[in-house]
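These are the residues of each chain, in order.
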Amino acid sequence: MGYLRFEKALMTNLEESLSRELLRTNRSGAYSCSTIVDCNTRKYHGLLVVPVPELDDENHVLLSSLDTTVIQHGAEFNLGLHKYSGDNYNPKGHKYIREFDCNKVPTTLYRVGGVLLKKEVVFQHYEDRILIRYTLVDAHSETKLRFKPFLAFRSVRQFTHENSVASRDYSNVENGISTCMYPGYPDLYMQFSKDNQFVFQPDWYHNVEYPKEQERGYASNEDLYVPGYFEMDIKKGESVVFAASTSVSNTGELKELFDKEVSERSPRDNFFHCLVNAAHQFHNRASNDDRYILAGYPWFKSRARDTFIALPGLTLSIEEQDYFELVMKTAERGLREFMEGKPLTVKIYEIDQPDVLLWAVWAIQQYERHVGSEKCFQMYGSLLKDIVYYIIDGKHPNLILKENGLLYSNGRDKAVTWMNSTVNGRPVVPRTGYIVEFNALWYNALCFCSSIATTGGDLEAASRLEKMAELCMHSFVDTFLNEYGYLFDYVDGDNVDWSVRPNMIFAVALEYSPLNKAQKKSVLDLCTRELLTPKGLRSLSPKSGGYNPMYVGPQTQRDHAYHQGTAWPWLGGFYMEACLRLHKRTRLSFIERQMVGYEDEMTRHCVGTIPELFDGNPPFNGRGAISFAINVAEILRTLEFLEKYKY
């Protein structure tokens, strides 16, 4: 049995199959996403979802779905599946599914009487083109296939409804048609690898419902436009390839193109290979060849903090140093533009957040661990120096170096840390003043930059940074360590946050720590007792006031729960790094058991990847974005650490 294979019993049980999603991306911003039974349950789902920069900065659903109907002896068997209002599923094509496998490419096998039809899907790399190959594996009579496209032409954040503005015009192209519902959108080309008949039969399908939007307290109904249907004969053993794209396809080459795309796919036959595949899905190459890391799917863009936290795990941990350097080349341009007060020419959001520069230093530190200090200095020595002195010289608008050697940030009225949820414009967790992970990262940055300065021969700078680090270390312990042996989350004058939160784990996990061994053990032990779950660290201890572990309900309810007890795998990655740094090989079996909790997710939620967060209480359901970069990255880094400590 394949690693990512689901039998008929699961596929035909909608309670099980509708909770499992599947994501394919083209590494240029477009994606294809639905459930494993091809029933869209989110407004973000679609067979072809692409950015349309001429309209806005959002993705847009062009082709929502494609229903396939098998016709024999005049009898029609529709393999599609849609949910309509009133808990009405139609046409219930999932009952024909015999098995589903996505070890290499998503493959669905349908059985309709004596007909055995195989469907395989790939998204062409760097092109806005989805390819679907249908193979008639077995049939005892003449067989026809009918294909009915459901069109949306709308932003992923909106819905479409029947209207008189939508254009019904279409043009015939080779083995298909092109159409565009609204001005400003690209044409959608729908073509086949063989001749077919298109029957123009325009209609709107009303009240298509998306249950995931209902769960989240949003509107959940829309109407989809069907321009007509394609029909063709197919013989036993024959394959037909369908292409939906924003540019015309050469239909004579579609079969060859499909084979080529399949040959470039690596199998997802184990936990590690699934994570590598997921890592590649966050790659994003812009038209000008800039390279980015997307923070997550289906709604996140490239965010600065996420980029630097995710970058080492998504690249260095899987021996893809080249892509690290490509992303850093783009990110460095953005960092320098920010530090020089220039308009940004990169599409990296939130680069002004005060901890972004500290995470950039940390990312480069991971690069140094893989390539050595000499090459690191050659590549990024100048950037490291400019970052650390930008902070020292007080040029950052919200990162102030105080006389005690600690960094101060104002987060009373605006969220400035990764705990960034807001309600009515105010942060739910207003972390302000001396923030614990900011200063753990700052101490680490001073020590690391001192080491790099030594490598570069700048002994004066190295000595200065070393002295600053020593001052920072003493102040860190005096400010954050309390009598109960854990660290305050933030300190702002007399305002001290006693909440037990996971941000203190960085003071143990980072290569340079301001804590001694006994202090590290005390912090780690408390994180183990109160924060650790099989899915990462809780964002708040159950013993702390305001604990709210269930990320469910309408937007405001979810915002209040976002960082008040939910579990985050990426924090679990730093926790496991802290375990290994402190206890070395004695914790290997413990870490391996922790990894089982993540491997379980490979066949749940979004198949083959890790969602954004989990409920903090059993059964630890996955929530939020279906695939999240920093989570995948930290699990990959943990696997790398496990291999390092084993040998």
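The preceding data block contains the structure.
Residues numbered from 1 in each chain as written. Predicted model: local features only at pLDDT ≥ 70, side-chain atom pairs only at ≥ 80, totals over all residues. Heavy atoms only, no water.

1. A short note on the sheet that holds strand S29 (residues 495–496)
Taken together, the 3 strands give an open sheet; going across it, the order is S27-S28-S29, and neighbouring strands pair in antiparallel fashion. Of all strands in the sheet, those bounded by a partner on one side alone are strand S27 (434–435) and S29. As paired strands, S27 and strand S28 (residues 490–492) are joined by 2 bridges and run antiparallel to one another. Residue pairing across strands places isoleucine 435 opposite tyrosine 490, the latter belonging to S28. (Pairing = 2+ DSSP bridges. Helix = DSSP H or I, 4+ residues; strand = E, 2+ residues; numbered from the N terminus.)

2. What about the sheet that holds strand S9 (residues 97–101)?
Across the sheet, which stays open at both edges, the 9 strands sit in the order S1-S9-S10-S11-S12-S19-S16-S15-S14 with antiparallel pairing between neighbours. What marks the edges here is a single partner per strand, and that holds for strand S1 (5–7) and strand S14 (170–173). Each adjacent strand pair in this sheet contributes to an overall mean axis angle of 15°, direction not counted. Inspection of the sheet shows S9 paired to strand S10 (residues 107–112) by 4 bridges, in the antiparallel sense. The residue bridging glutamate 99 from the neighbouring strand is leucine 109, located in S10. (Axes fitted to C-alpha atoms, helices over the stretch in contact; angles between N-to-C directions.)

3. A few points about the environment of asparagine 284
Looking at the element boundaries, asparagine 284 is found in strand S20 (residues 283–285). Judged by its relative accessible area of 10%, asparagine 284 falls in the buried class. Sequence separation of asparagine 284 and lysine 584 is 300 residues, and the distance between their C-alpha atoms is 36 Å. (Buried < 20%, exposed > 50% of the residue type's maximum accessible area, 1.4 Å probe, protein only.)

4. Some remarks on the packing of aromatic side chains
For any pair of aromatic rings, geometry is given as the distance between the ring centres together with the angle between the planes. Overall, the coordinates contain 41 aromatic pairs when judged by the stated rule. Just above the ring of tyrosine 89 sits the side chain of lysine 83; from NZ or CZ to the centre is 5.8 Å. Sitting over the ring of tyrosine 229, arginine 146 keeps its end group 4.5 Å from the ring centre. (Phe/Tyr/Trp six-rings, centres within 6.5 Å; stacked < 30°, edge-to-face > 60°. Lys NZ or Arg CZ within 6 Å of the ring centre and 35° of its normal.)

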